[in-house]
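This is what each chain is made of:
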There are 4 protein chains.
Amino acid sequence: MRVVLAYSGGLDTTTCIVWLKEKYQAEVITVTVDVGQEEDFEDVERRALKAGASQHYTIDAKEDFARGYIFPAIKMNALYEGSYPLSTALARPLIAEKVLRVAKKVGADAIAHGSTSKGNDQVRFDLTIRALDPDIKIITPARSWGMTRKDEIEYLRARGIEVPNVNKKYSVDDNLWGRSIEGGELDDPSHPPPEEAFKWTVSPEKAPDNPLTLEIEFSQGIPVAINGEKMDPVKLINTLNIIGGSHGVGRIDHIENRLVGFKSREVYEAPAATILIKAHEDLEKAVLTPRELRIKRMVEPIWSDLVYNGLWFEPARRAIEALGDEMNRWVTGSVGVRIYKGSVTVISRKSPYMIYSQNIASYDVGWYPSEEKAIGFIEIWGMHSLSALRVRRNAL
Amino acid sequence: MRVVLAYSGGLDTTTCIVWLKEKYQAEVITVTVDVGQEEDFEDVERRALKAGASQHYTIDAKEDFARGYIFPAIKMNALYEGSYPLSTALARPLIAEKVLRVAKKVGADAIAHGSTSKGNDQVRFDLTIRALDPDIKIITPARSWGMTRKDEIEYLRARGIEVPNVNKKYSVDDNLWGRSIEGGELDDPSHPPPEEAFKWTVSPEKAPDNPLTLEIEFSQGIPVAINGEKMDPVKLINTLNIIGGSHGVGRIDHIENRLVGFKSREVYEAPAATILIKAHEDLEKAVLTPRELRIKRMVEPIWSDLVYNGLWFEPARRAIEALGDEMNRWVTGSVGVRIYKGSVTVISRKSPYMIYSQNIASYDVGWYPSEEKAIGFIEIWGMHSLSALRVRRNAL
Amino acid sequence: MRVVLAYSGGLDTTTCIVWLKEKYQAEVITVTVDVGQEEDFEDVERRALKAGASQHYTIDAKEDFARGYIFPAIKMNALYEGSYPLSTALARPLIAEKVLRVAKKVGADAIAHGSTSKGNDQVRFDLTIRALDPDIKIITPARSWGMTRKDEIEYLRARGIEVPNVNKKYSVDDNLWGRSIEGGELDDPSHPPPEEAFKWTVSPEKAPDNPLTLEIEFSQGIPVAINGEKMDPVKLINTLNIIGGSHGVGRIDHIENRLVGFKSREVYEAPAATILIKAHEDLEKAVLTPRELRIKRMVEPIWSDLVYNGLWFEPARRAIEALGDEMNRWVTGSVGVRIYKGSVTVISRKSPYMIYSQNIASYDVGWYPSEEKAIGFIEIWGMHSLSALRVRRNAL
Amino acid sequence: MRVVLAYSGGLDTTTCIVWLKEKYQAEVITVTVDVGQEEDFEDVERRALKAGASQHYTIDAKEDFARGYIFPAIKMNALYEGSYPLSTALARPLIAEKVLRVAKKVGADAIAHGSTSKGNDQVRFDLTIRALDPDIKIITPARSWGMTRKDEIEYLRARGIEVPNVNKKYSVDDNLWGRSIEGGELDDPSHPPPEEAFKWTVSPEKAPDNPLTLEIEFSQGIPVAINGEKMDPVKLINTLNIIGGSHGVGRIDHIENRLVGFKSREVYEAPAATILIKAHEDLEKAVLTPRELRIKRMVEPIWSDLVYNGLWFEPARRAIEALGDEMNRWVTGSVGVRIYKGSVTVISRKSPYMIYSQNIASYDVGWYPSEEKAIGFIEIWGMHSLSALRVRRNAL
C-alpha cells in the first residue's frame, strides 16, 4: 500500500509516518506544501526521510496561494465572524490539492493527513480531497489513534525516531496570510494572551514611537504596489507582514465558533491581512454605490463561512465571487494607511473611480437642491412609514 | 404667528430667529435641547433673547438620550456603513420631539429648524415632526433663504445682531455620543484630517505612553459599570469619552453615503461609542450561538440605515429591536479593554452566559468525537455540495 | 431497564417494541401523541399492548400543536424552500416533549423513537430530547438494526406478533397541519405523483365545478374565524383541511433539500396550510410597511430552516419570532379567498390597519405631488447611481 | 425646439403632442416602441401625425425586450413583492433607450414622456434617460399641466384633434411580458376584480375542462422550447400567453408598495411570466445546491426592487446578475407543467444536472449512514445550540 501524507514536519505528522508504516505496512511518501510558513524545508525533508518516508516532495505554492486564495479573500474582505482572516482555512484546500496531485502522480492508494477529530481542518482536508477525487481512500491517523501529544512523543522515542521540536505551550500554524496560536493558557478567554504567544508582531508598547505611512495601490481589488513600488503578490504580502508586525499591527484575539460545535478562543497574528483588508474595504466605500456596498456586505460573511467551514469547492463560493468581481472592477486606486503602535488608520484614498465630488459635497461651493425638491424627496421618502403610523394610531 | 424654533445657539439658527420675525412677523420661541453638547446654555439663552426670541427653553434630555437612543444603538452595535456611531442621527428625533412638546405647550402655529437642503438632518427633523404631528407647519429658513455663511453674518450685522462665534473652518455638531466635523479641508478625502479638527481626542502620538485597562460591565446589553463602579448612563458615557479621548481613542474618518444622494467625507470623534460598541460586540460573540450572531449581524445594518436615514419612527425599527432585545437578554458580563495610543483592544471577557467550555475546547483535556462520528458529520456536512460537483463534472 | 417509546402504531415502531424487549430485556412503555393524525387511537393502544408494551399512553396534543407550533408557523409564513409547510417538522419537537414527560413520570432509563439514519426526523427527535434533558439515554432501534420493511414483517411474524397494516406503496406521515407522502413511484421526480398517493385532496379535475369563497379572519396574525364563525384552532384547521381538500387544494410536489445531505422528491397534502399561509401573507402586504415586509421576508426562510433542520429549541428561533410578533400585532382583518379546482386565490382583504388610502392611490381623485417635488424625489433617489455611472464612464 | 416624445397612441401622449407644440412651439417627433403591446402601429402613426407630430418612428424592440430584459428577469425569478412579474417596469428602460436613440439621431433638444407625478414610470423614464444622457432636457407634460382625463379630452376637442379611444374604466398598459390594469373599481382592494378588467385570460371557471400539459425546455436558465419545439423568444412567450390565458392562468391581484410612497391595488395578467417563472424556479430546486438556492433567493428580491424602482442602470443590478448567471449555467433541462382552470402545477422535471440520485434518496434501495455516523452528525450539528441552552438554564 502506498500512502501520500501531507507532512508539516511537526510532531503529529511525523508520528503519522511511523504509524502508517506500522499499521498498514504502507510505503509513505511525504509532501510538504510551502504556503509561506516559516520553515527550513530541507530540514523538514530530512526529518521525513529519517522517520521512514520513502520519498519526499516539497512544493512551492506561495504564488498559487496568494493569487488563487488570498486575493479572492481580499476582494471579499474576508474576516470570519468579523475577525479571523482565514489564513489556515484558505491554505487547506490548496494543500489538499497539491498533495492529491502527488498522490495521482505516484499512483498512491491512499492520502493521509494529520488532523484530529475536533478541529476544522479535518473538514477542509476531507472535503477538498473528496471534491477532487470522489474515490481515493483517506486515512487520518490522528483521528483514530487516540494518542495525546505525550503519547506521540513516547511512541516516537520507543521506536528511536527523532522527536521534532514542538512549541510546548501552543499549537501553532502559520502561512503567508497569518499565524494562528491556540491552546495552553489561551484557552482561558478571561485573560489576555501572554506576550510569548506572539512571534510575528511586537507588543504595541514596544513598537516604534513614530507612525509609518504606507501608500497601498490596488488594481481591480488586488494589491499591486506599496509606496509606488510594484511587487509580486508574495513579496507584497511578506513586506506588509514584516512592516506591520514591527509596528505591533495584526494581533487578533476573539471567541470563534468552530464548525464542529463549540466556541474556542483563538489568537492570530496577521499584519498584512489586517492592513490590506482595512485598506480594501475603505477604498470600496469610495468607489461603490450604497446599493453595491450593502449587497456586497451582506454576502461577504457567507463567503467567509463557506471557506471556514471546509466548503471551498461549494459552487456557491464562485457565485458570490462573481458578484464581488463585478464590483471589484472599480476598486482601483491607492489608500494611505498610518500604522502606529498596533493600530492601522486609513488617512487618505484616491481613485479614478471615486464617486465623490467636492463640488457636490462641499457646503461652501456645493450643489443645493431647491427647497421644494428637498421637501418633495423627504415627503415621498417618509410617506410609507408615516402612513403606517397614522393608520395604526387611528385604529388604536 | 407663533413659531417654536430648535435653537443651537450657532450662526444658522440665530439668523433663523431674525429671519422668521422679519419674514413672517412671527413671535419666535427658542428651544435648546441639551443632549450632552459642550455648550454654555445660559449664554445660549442670552443669545436667543438678544436676537429676538420672546421666550427660551433649555431642556435637559441627556438621560433620555442615553437610555432611549444610545442604549438601543449599543445593543444593535450601530455603526452606519461600518463606521459612524450615528451620534447626530440619534439625537435628531429626540430634539424634534422635545421641541414639538414645547410647541404644543405654547400653542405654536409652526415649528422651525435650521437644516439646509443638502444634509441628512432635514430628513430626520421633518419626518420625526410629521410622525408625531401630521399637521403642524414646518418652516426651514435655511432651506429657503439661499444665504451662505458670509451672507448670514452680513444679514445679522446689518440688523445689529451679535454674530455668534463660529468655527471658521469646520461645521461641527456634538453630543453625548460623539462629535462630527465636516467641511473645509476635510472635503478632500485624499488628505488626512488636520489635528485642529479634533477637540475631544488627543493625537495618538501624544497619548500617554502607558496603556490603560478598563473593565466594562454590561447587563442585558447595556453598560452599567466601569472598573466595578456602577454609573448612571450619562456619567458612564462621559467618563469613557474623557478617558478614551485622552488616549487618542475614537477618531473616525470615512467616506459616507448620504441619503440625499452623494458621498461625503466625514470625520468624527466618538471615544465612548468606539469603546462600548467594541466591547459589546465582543461579549456577544461569547454568549450568542453562531446562528443568533449571524441573524443579528444581518439585521444590524438595517437598523443603522433606518436611523441614519431619518426613519427613527418607522415601525421596522422596533421589530428589529425586538429581535435584538431577545438576544441581549444574555449579553451580561464584563469585558476587559486596553486603550492605548488610539487603539482599543478587547483582552478578556467574562459572563455567566458564556457558551464556552474549556473542557470541550481544550486540545489537552477536551472532548474528542470518535473518528466514526467525525467522519459521519463531515460526510453529511459536505454531501450536498459534493453531489453537485459530481453531477456537474459528469455532465460536462 | 425501562424504555419509553414514541409509538405511532405502524410497522417500524411496532417492531421497535419487540426489538427493545429482546435486545435490552427492557420494559417498554409506549406513548402515542395525537397531533391530529387520522388514527384509531384505541386500536393503536391495543396493538402496542399486544406487541408487548407494558403500558400505553395516548396524549391529546392537538390544541398544543395548533397554538404552540402551527400558529407561530403561520405568523412566519413558514414554507420550507418555498413549498413545504413543515407539518411533520413542527410536530416532532412537540411529540418529543410529550414522550419525555411520560419518561420522567414513569422514571424511565431511556427514551426511544423509530427514526432511521437517513431522515430528518432523527435530528428533530434526538436534538429536542437533548435540549430538554441533556442526560437521558436515547435508543433508536431502526437506526441500528439494519432491517428493511420486509425484514421487519418477517421479524414480527416469526415472533407471532400482528403485523400492522402498512401502506405498501408509500411512507406516510400525517397530522393536523399536513400529510406527507414519500417513496415508491414518487422517488422519480420526472413523473407526476399518481392519484392513489393522495388521500386528503381530490384531484382538481374531480373537484366541484363551482368555486367556493371563504372569508378568513385573523387577529394579530392568528386565524380566528371562517365566514364569521369563530372557531377554536383545531376545528378551524380541520375545517379548512376538509373544505380545501374537497376542492383539490393543497397538493404540493417539490424537490427538497434534506438536512442529511441529499435531495428528495416530496409530496404533501396541506389544504389548511396552503389557504392560511396564502391569506396571511396577503394580509401582511396590506398592513405592513415596505420596510417591515422586506425584513420579515428575509428572516422567514431562516425560521423555516431552523425548524426543518431539527433546531426548534435554538434560541435564534425565538428571536426571529420576536421580530415577527412585533409586526403581527397589525395583522388583523379578514381575507377573502376563492378556492376552485386546486387553486386558492385571494380576492379581497379588509383590515382596520390597512395602510391603503383610496384617496391617495386613486388616479381620479388622488393625491398628486407637484412636478417640482416629484422631480426632487427622483433626482435624489437616483443620484448615487447616476454619479457612479458618470464616474465610471469618464474613467474608461 | 425639437422634442422627441415617447408616444403610446393613447389619450395622455396624444395630448402631449398638442401641448408641447403650443407650450414650447416645439417640433414634435413621436416614437412608438413595440415591446409586444396589442396595438395597430399604423394607426398609432396616423394618430400621431394627425395630432401634429412632424415625424413618427415605430421601433420593433420585441426581440431586444425578450432577450435583454425578460430573460434576465426569468433567471432572477423576478416577482416584485412576490407577485408582480415587472412587465411594465422592465419595458420602461428599453423604451427610454430607443426613444433617446431617435432623439440623438434627429438632434433633438429635449425628450418627453407622458408619465404623471404619482406613478413609478416617471422614475424609470427620467432616470434611464439621465443614465444614458446626463444632459438632455426632459419634458413631462402630464406632470405639469394639471389636467384630468376629462380635461385632456376637452383640450383635444377644443383644438379639433381626434380623441383616442380610451378604456373608460381602467388605466391599462401591456407588453409581451404582461398586462397591467389599474384604477376604477380596482381601487377598492376589498372587492375582487370584475371580469371585464381582464382581456388576456378567461375566467378559470370558463377555462377548458381538460388540463393541458406542457413540457418547457430551459437552457442555462433561458426557455428555448415548448413540447420539444424550439422557438425564438418572442414566439415562445407569445405562445405561452395565449395558451396560458386560454386556461385562465396568470391573473395576479395584490397590494403593491409603490416607490412614490403609497400602496396601490394592482391587477395583472401575465400567463407566460407565471408559467415560466414557476417552471424555472422548480428546475433550480433540482439542480442547485441548498447553499446556492438560499443565496440566490436572498438577492432575487433586491434585483426586483431595483428594476421596479427605476434603477435598471444601477450597477448593483449587473452584480446580482453575475451571481445568478453563475448558477443559471446549470439550469438546463425540461419541466412539465400542467395548466388547468387558472392554476399551474409543476408535475415533472428532468435535467442532466439534477442533483438527485434515486439510489441515495430511496428508502428501499438507498444509502443509509451508519448509526454512529448519523449520531456523530446530529451531535455536532446541534452542539452549539444545546450548549447555549445548558449555559442559559444553569445561569438562571
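Every value quoted in this text rests on a predicted model; they were computed, and no experiment measured them.

Participant: Residue-level account of the sheet that holds strand β1 (residues 2-6) of chain C, with values.
Facilitator: All names here are of chain C. One open sheet holds the five strands; their spatial order is β3-β2-β1-β4-β5, and the pairing between them is parallel. What marks the edges here is a single partner per strand, and that holds for β3 (55-60) and β5 (137-139). Averaged over all pairs of adjacent strands, the angle between their axes in this sheet comes to 25°, without regard to strand direction. The sheet contacts of helix α2 (residues 41-51) involve β2 (27-34) and β3, and relative to β3 the element is tilted by about 155°.

Participant: So, the interface of chain D and chain C: which residues are in play, and what are the values?
Facilitator: Listed as interface residues are 87 residues of chain D and, on the opposing side, 87 residues of chain C. The contact between chain D and chain C buries some 7800 Å² in all, and 58% of this surface belongs to carbon and sulfur atoms. Linking chain D with chain C are six salt bridges. At the surface where chain D touches chain C, the tally comes to 40 residue pairs in polar contact (both at pLDDT 80 or more). Considering each element in turn, the side of chain D that touches chain C owes the most residues, 14 residues, to helix α13 (residues 371-395) of chain D. For the side of chain D that touches chain C, the class distribution of residues is 40 nonpolar, 20 polar and 27 charged.

Participant: Got a sec to walk through α2(C)? Specific residues and values, please.
Facilitator: Residues and elements named next belong to chain C. The complete set of buried residues in α2 reads Phe-41, Val-44, Arg-47, Ala-48 and Ala-51. Relative to the axis of α2, the buried residues are bounded by an arc of 115° and lie together on one face. When the buried face of α2 is taken as reference, the exposed residues oriented beyond 90 degrees from it are Glu-42 and Lys-50. The inward-facing, buried residues of α2 abut α1 (11-24), β2 and β3.

Participant: How would you explain the relation of the copies chain A and chain C if you had to name every residue and give the values?
Facilitator: Superposing chain A onto chain C requires a rotation of 180° together with a translation of 0.0 Å along the rotation axis, leaving an RMSD of 0.0 Å. Such a combination of turn and shift is consistent with a two-fold rotation axis. Among all C-alpha atoms of chain A, that of A:Phe377 lies closest to the rotation axis, at 1.9 Å. The overlap is high: 100% of the interface residues of chain A also sit at the interface in chain C, so the same surface is used on both sides.

Participant: Before we move on, could you go through the interface of chain A and chain C and cite the residues and values that matter?
Facilitator: With 33 residues of chain A at the interface, the matching set in chain C holds 33 residues. Among the residues of chain A in contact with chain C, A:Lys373, A:Phe377 and A:Arg392 are the three that bury the most area, contributing 22% of the side total. Remark: the boundary between chain A and chain C carries four salt bridges. One salt bridge in this structure joins C:Glu379 and A:Lys373, with 2.9 Å as the shortest N-O distance. The tally of links from chain A across to chain C stands at eight residue pairs in polar contact (both at pLDDT 80 or more). Listing elements by their share of the side of chain A that touches chain C, those giving two or more residues are α10 (290-308) and α13 (371-395) of chain A.

Participant: Could you give an account of the pairing of strand β11 (residues 251-257) of chain B, naming the residues involved and the relevant values?
Facilitator: All names here are of chain B. Within β11, six of the seven residues are buried, leaving the element largely enclosed by the surrounding structure. Two elements, β11 and strand β12 (residues 263-269), share seven bridges in a ladder whose sense is antiparallel. When the sheet's bridge partners are listed, His-254 is paired in β12 with Glu-266. In this structure, the hairpin formed by β11 and β12 is closed by a connection of five residues, where Gly-261 is found at a positive phi of approximately 110°.

Participant: I'd like a description of the packing of helix α4 (residues 87-105) of chain B against helix α5 (residues 121-132) of chain B, backed by residues and values.
Facilitator: Residues and elements named next belong to chain B. Running from amino to carboxyl end, α4 crosses α5 at an angle of 45°, the nearest separation of the two axes being 9 Å. The orientation of α4 with respect to α5, classified from their angle, is oblique. For α4 against α5, the interelement crossing comes out right-handed. The segment α4 lies against α5, with Thr-88, Ala-89, Arg-92, Pro-93, Ile-95, Ala-96, Glu-97, Leu-100 and Lys-104 engaging Asp-121, Arg-124, Phe-125, Thr-128, Ile-129 and Leu-132. Of the residues contributing to the contact of α4 with α5, the split by class is eight nonpolar, two polar and five charged.

Participant: Give a description of empty space enclosed by the protein that names residues and reports values.
Facilitator: A water-sized probe, rolled over the atoms, reveals where empty space remains. In total, this model carries eleven cavities of 30 Å³ or more according to the counting rule given. Each pocket or cavity is described by its volume, and for the largest cavity that value is around 60 Å³. Looking at the largest cavity, the residues that line it are C:Tyr356, C:Ala361, C:Ser362, C:Tyr363, D:Glu182, D:Gly183, D:Asp187, D:Arg258, D:Ser264, D:Arg265 and D:Glu266. Ranked by residue count, the leading element in the lining of the largest cavity is strand β12 (residues 263-269) of chain D, at three residues. Residue composition of the lining of the largest cavity, by class: three nonpolar, three polar and five charged.

Analysis parameters
- Residues numbered from 1 in each chain as written.
- Chains lettered and ligands numbered in written order.
- Predicted model: local features only at pLDDT ≥ 70, side-chain atom pairs only at ≥ 80, totals over all residues.
- Heavy atoms only, no water.
- Pairing = 2+ DSSP bridges.
- Helix = DSSP H or I, 4+ residues; strand = E, 2+ residues; numbered from the N terminus.
- Axes fitted to C-alpha atoms, helices over the stretch in contact; angles between N-to-C directions.
- Contact = heavy atoms within 4.5 Å.
- Buried area = accessible area lost by both parts, 1.4 Å probe.
- Salt bridge = Lys/Arg side-chain N within 4 Å of Asp/Glu carboxyl O.
- Polar contact = N/O pair within 3.5 Å; in protein donor to acceptor, adjacent residues only side chain to side chain.
- Nonpolar A, V, L, I, M, F, W, Y, C, P; charged D, E, K, R; others polar.
- Buried < 20%, exposed > 50% of the residue type's maximum accessible area, 1.4 Å probe, protein only.
- Arc of directions from axis to C-beta.
- Least-squares fit on C-alpha atoms with pLDDT ≥ 70 in both.
- Parallel < 35°, antiparallel > 145°, perpendicular 65-115°, else oblique.
- Left-handed = near helix turned anticlockwise from the far one by under 90°.
- 1 Å grid on protein atoms, 1.4 Å probe; cavity = no way out; pocket = protein on both sides within 12 Å on 5 of 7 lines; lining within 4 Å.
- Points joined across faces, edges and corners; volume = space filled by probe spheres on them.

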